[in-house]
Amino acid sequence: MLNRQVTVRINPELCNGCGLCVRVCPKNTLSLEDGRAVITGKESMNCGHCAAVCPTEAIKVDALDKHALEFATFHTADIWLKPGTFDVGFLVQLLRSRRSCRNFKDKQVECRLLEDLARIGATAPSGSNCQPWSFALLEDRYKVIKLADMIGDFYRRLNKMASNVLLRELMALFGKRELKLYSRQHMATVAEALDLWEATGKDPLFHGAPALMVIGADKNASCPAEDSLLAAANILLAAHCMGLGSCLIGFAVEAISRDRQIRHWLGFNDSQAVYAVIALGYPNEKYQRLAQRMPISMHYVDA
Ligand SMILES: Cc1cc2nc3c(=O)[nH]c(=O)nc-3n(C[C@H](O)[C@H](O)[C@H](O)COP(=O)(O)O)c2cc1C
């Protein structure tokens with residue numbers, strides 16, 4: 001997974017020897033020799049910082065795809081915003097306006113929006129710049145229901161196992177306490193949700209969402225879980241900007257993580273794991289004001 005191949009190219013004709021690329025390189029891939037930037041390192045993170053900082057456009061990084069962040073549904077200026085030049089008040093208003101949405105309109109989300117959301121996810125930072133994510137898009141309600149059914153089957157099997165006292169005690173004895181904890185913390189709620197789904201068709205898992213995004217990543221990347229959740233955070237915020245409601249669905253992640261068949265159905269291979277599931281759709285809810293947060297714990301560390 002960790003591809004460290006150097007794909008940086010420097011055009012010596014254009015390089016003015018300013019050394020800015022050397023300064024921002026996290027891997028010491030570049031150095032200055034005879035007043036010109038040259039590649040001296042054996043590895044590269046292919047982060048593109050060198051190319052982005054170069055005042056004469058002398059650097060190219062072949063591993064990077066200049067079309068990867070071409071968006072279909074909105075325009076964005078390809079201009080770097082200097083620190084301090086974007087209004088933090090607007091950002092916080094956006095952060096605070098995003099809500100987990102659990103009421104969706106019966107209206108399909110355009111594929112172009114879903115694809116743009118995946119691209120926005122990929123602008124997140126990632127451990128060692130692995131960019132290990134892969135986005136499975138479920139663009140219609142029929143597919144969402146199919147996944148919900150598979151997850152329902154998974155939880156029915158799990159509840160059957162967890163109601164077996166002997167089995168859960170035996171597993172706990174061998175250090176596997178998950179089943180015991182599950183039976184205490186979630187089994188009853190899950191059973192109730194499954195009954196509701198069966199009896200009324202009401203969807204307590206995905207809240208009736210017409211679309212889903214499932215974020216998987218290469219398990220062997222540096223930090224696949226963190227990378228996926230950071231991508232997810234970008235997607236939640238961008239979805240709000242696009243007029244969409246979103247909700248992370250941890251219960252689905254749990255099932256998909258433990259069920260290889262569901263992962264394969266979603267198009268993930270055995271070297272990938274799933275770390276986030278996002279329900280998406282046009283929101284059928286409206287707030288009058290911002291929600292507050294619980295008291296925030298923070299402290300200075302004594303030296
Ligand atoms: C890791 C994670 C898993 C979550 N799983 C679910 C879930 O399975 N179902 C659900 O309705 N909400 C889920 N949520 C949404 C939280 O309940 C929600 O973020 C929280 O109540 C705060 O509300 P807000 O998102 O509107 O600020 C999850 C959130 C996170 C961060």
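Everything that follows concerns the structure shown earlier in this document.
Since the structure is predicted, the reported quantities are computational estimates derived from the model, not experimental observations. (Residues numbered from 1 in each chain as written. Predicted model: local features only at pLDDT ≥ 70, side-chain atom pairs only at ≥ 80, totals over all residues. Heavy atoms only, no water.)

Colleague: Got a minute to help me understand the site of the ligand in this structure?
Modeller: Near the ligand you find Arg98, Arg99, Ser100, Arg102, His207, Cys247, Leu248, Ile249, Gly250, Phe251 and Arg293, and these make up its full shell. With respect to the ligand, the backbone of Phe251 contributes an N or O atom lying 3.4 Å from an oxygen atom. The separation between an oxygen atom of the ligand and a polar side-chain atom of Arg293 is 3.2 Å. Look at the ligand: alone it shows 610 Å² of surface, and the protein chains cover 59% of it. Counted by class, the shell around the ligand contains four nonpolar, three polar and four charged residues. (Near = heavy atom within 4 Å. Polar contact = N/O pair within 3.5 Å; in protein donor to acceptor, adjacent residues only side chain to side chain. Areas by Shrake-Rupley, 256 points an atom, 1.4 Å probe, with all protein chains shown as cover. Nonpolar A, V, L, I, M, F, W, Y, C, P; charged D, E, K, R; others polar.)

Colleague: Hey, could you run me through the nonpolar core in this one?
Modeller: Note that soluble globular proteins tend to have their nonpolar side chains buried in a common cluster. In terms of nonpolar packing, the biggest core is built from 36 residues, with Leu147, Ile151, Tyr155, Phe206, Val214, Ile256 and Val277 touching the most fellow members. Mapped by element, the contributors of at least two residues to this core are strand S5 (133-138), helix H5 (141-162), helix H7 (178-185), helix H8 (187-200), strand S6 (211-218), helix H10 (250-258) and strand S8 (272-281). By residue number, the principal contributor to this core is H5, which donates nine residues. Both domains that meet at this core, namely domain 2 (95-141 + 204-281) and domain 3 (144-193), each give it at least three residues. Within the second largest apolar cluster, 25 residues are counted, among which are Ala118, Ile215, Ala232 and Met242. (Core = buried A, V, L, I, M, F, W, Y, C linked by side-chain atoms within 4.5 Å. Buried < 20%, exposed > 50% of the residue type's maximum accessible area, 1.4 Å probe, protein only. Helix = DSSP H or I, 4+ residues; strand = E, 2+ residues; numbered from the N terminus. Domains from an automatic or database assignment.)

Colleague: Looking at this structure, how should I read the pairing of strand S3 (residues 36-39)?
Modeller: For a regular strand, side chains alternate in direction, first toward one face of the sheet and then toward the other. In this structure, strand S2 (residues 30-33) lies alongside S3, joined through four bridges in antiparallel fashion. If you follow Glu33 over to S3, its bridge partner there is Arg36. The antiparallel pairing of S2 with S3 creates a hairpin that spans two residues between the two strands, and Asp34 there sits at a positive phi of about 50°. (Pairing = 2+ DSSP bridges.)

Colleague: It is not clear to me how H7 should be interpreted in this structure. Could you clarify?
Modeller: Of all the positions in H7, only Leu179, Lys180, Tyr182 and Ser183 are classed as buried. An end-on view of H7 places all buried positions within 165° of arc, on one side of the element. Looking at H7, the residues exposed on the side facing more than 90 degrees away from the buried face are Arg184 and Gln185. Of the surrounding secondary structure, the elements contacted by the buried residues of H7 are H5, helix H6 (165-173) and H8. (Arc of directions from axis to C-beta. Contact = heavy atoms within 4.5 Å.)

Colleague: Please clarify how the pattern of salt bridges should be interpreted in this entry.
Modeller: Two side chains carrying opposite charge are able to pair once their charged atoms lie near each other. Using the criterion set out here, one finds twelve salt bridges in the structure. Two residues, Asp62 and Arg9, come together in a salt bridge whose shortest N-O distance is 2.9 Å. Taken as a pair, Asp62 in the loop between strand S4 (59-61) and helix H3 (88-97) and Arg9 in strand S1 (residues 8-10) lie far apart in primary sequence, 53 residues in all. Asp62 gets classed as partly exposed once you look at its relative accessible area, which sits at 47%. Between Glu43 and Lys27 there is a salt bridge, and its shortest N-O distance comes to 3.7 Å. Of the two residues, Glu43 sits in the loop between S3 and helix H2 (49-53) while Lys27 sits in the loop between helix H1 (20-24) and S2, which places them 16 residues apart along the sequence. The class of Lys27 is partly exposed, set by a relative accessible area of 32%. Connected via shared salt-bridge partners are Asp153, Arg156 and Glu198. (Salt bridge = Lys/Arg side-chain N within 4 Å of Asp/Glu carboxyl O.)

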